[in-house]
Structure formats: structure tokens, C-alpha cells
Amino acid sequence: MTRRDLAWRGAGLALTATACAICVAVGGSPLMVLFFPLVFLGLPLMLHGKRVAQSFRAERRGHCHTAGAVHAARVRRRGSLSR
């Protein structure tokens, strides 16, 4: 696992842990609804790391073949590692 991937996974862990801690701190308050979606943003980051960021960049650019772009980047990366 690269440092960049580990950093993205750490950011996901921090986001999820912070959002969960805030939800617990506010108790049964309606404010909990505002912070709960942050948990769902942090979970994919913890699991998939930098691939999530790569998908966001491809979507932000309006790429209509996001899955293909992510796969092509992964294939290029594997090809550069084997040389």
C-alpha cells in the first residue's frame, strides 16, 4: 500500500470517527442528521483509498466512462510496475 493510498484511507477513518463522535456527543438531537451523512462519505474512503479520489476526479471532469477511466489507470499503473 502506497503512502498516498494510506493517507486517503486515514482521511476516511478520521472523517468517519469524527462524524460518529459528533453524533454520539449531540445525543438524540436533530443535529445528528447533519453529521450522519459524513459517516457514509468516510466509509468508502476507508475501504477503497485513493481509487475513490480518482473516481471523483473523473466524474468532476464530466467523463462519461468513469469506470473505464479508473480501470485504464489501474492497468497503466500495473504495466509501469512490471517493467
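All values derive from a computational prediction rather than experimental measurement.

What follows is about helix 2 (residues 32–48). Helix length check: helix 2 (17 residues) gives 26 Å between terminal C-alpha atoms against 24 Å at 1.5 Å per residue, within 8%. For helix 2, the set of buried residues is V39, G42 and L45. All buried residues of helix 2 fall inside an arc of 130 degrees around its axis, so they share one side. In helix 2, the exposed positions that point more than 90 degrees away from the buried face belong to V33, F40 and L47. G49 sits one or two residues past helix 2 and shows a positive phi near 60 degrees.

Together, F36, F40 and L43 make up a nonpolar patch on the protein surface, roughly 290 Å² of accessible area in all. Checked against the element boundaries, L43 lands in helix 2.

A few words on the environment of L47. Structurally, L47 is set in helix 2. For L47, a relative accessible area of 58% gives the class exposed. When the C-alpha atoms of L47 and T16 are compared, they prove to be 12 Å apart, with 31 residues separating the residues in sequence.

Time to look at the packing of aromatic side chains. Considering all chains together, one arrives at one aromatic pair under this definition. Centre to centre, the rings of F36 and F40 are 5.1 Å apart; their planes meet at 90 degrees, and the pair counts as edge-to-face. One end of the pair is F36 and the other is F40, both in helix 2 and four residues apart, which spans about a single turn. With relative accessibility at 42%, the residue F36 sits in the partly exposed group.

Cut-offs and rules
Residues numbered from 1 in each chain as written. Predicted model: local features only at pLDDT ≥ 70, side-chain atom pairs only at ≥ 80, totals over all residues. Heavy atoms only, no water. Helix = DSSP H or I, 4+ residues; strand = E, 2+ residues; numbered from the N terminus. Expected span 1.5 Å × (residues − 1). Buried < 20%, exposed > 50% of the residue type's maximum accessible area, 1.4 Å probe, protein only. Arc of directions from axis to C-beta. Patch = residues over 30% accessible without salt bridge, like charges linked within 9 Å, V, L, I, M, F, W, Y side chains within 5 Å. Areas by Shrake-Rupley, 256 points an atom, 1.4 Å probe, with all protein chains shown as cover. Salt bridge = Lys/Arg side-chain N within 4 Å of Asp/Glu carboxyl O. Phe/Tyr/Trp six-rings, centres within 6.5 Å; stacked < 30°, edge-to-face > 60°.

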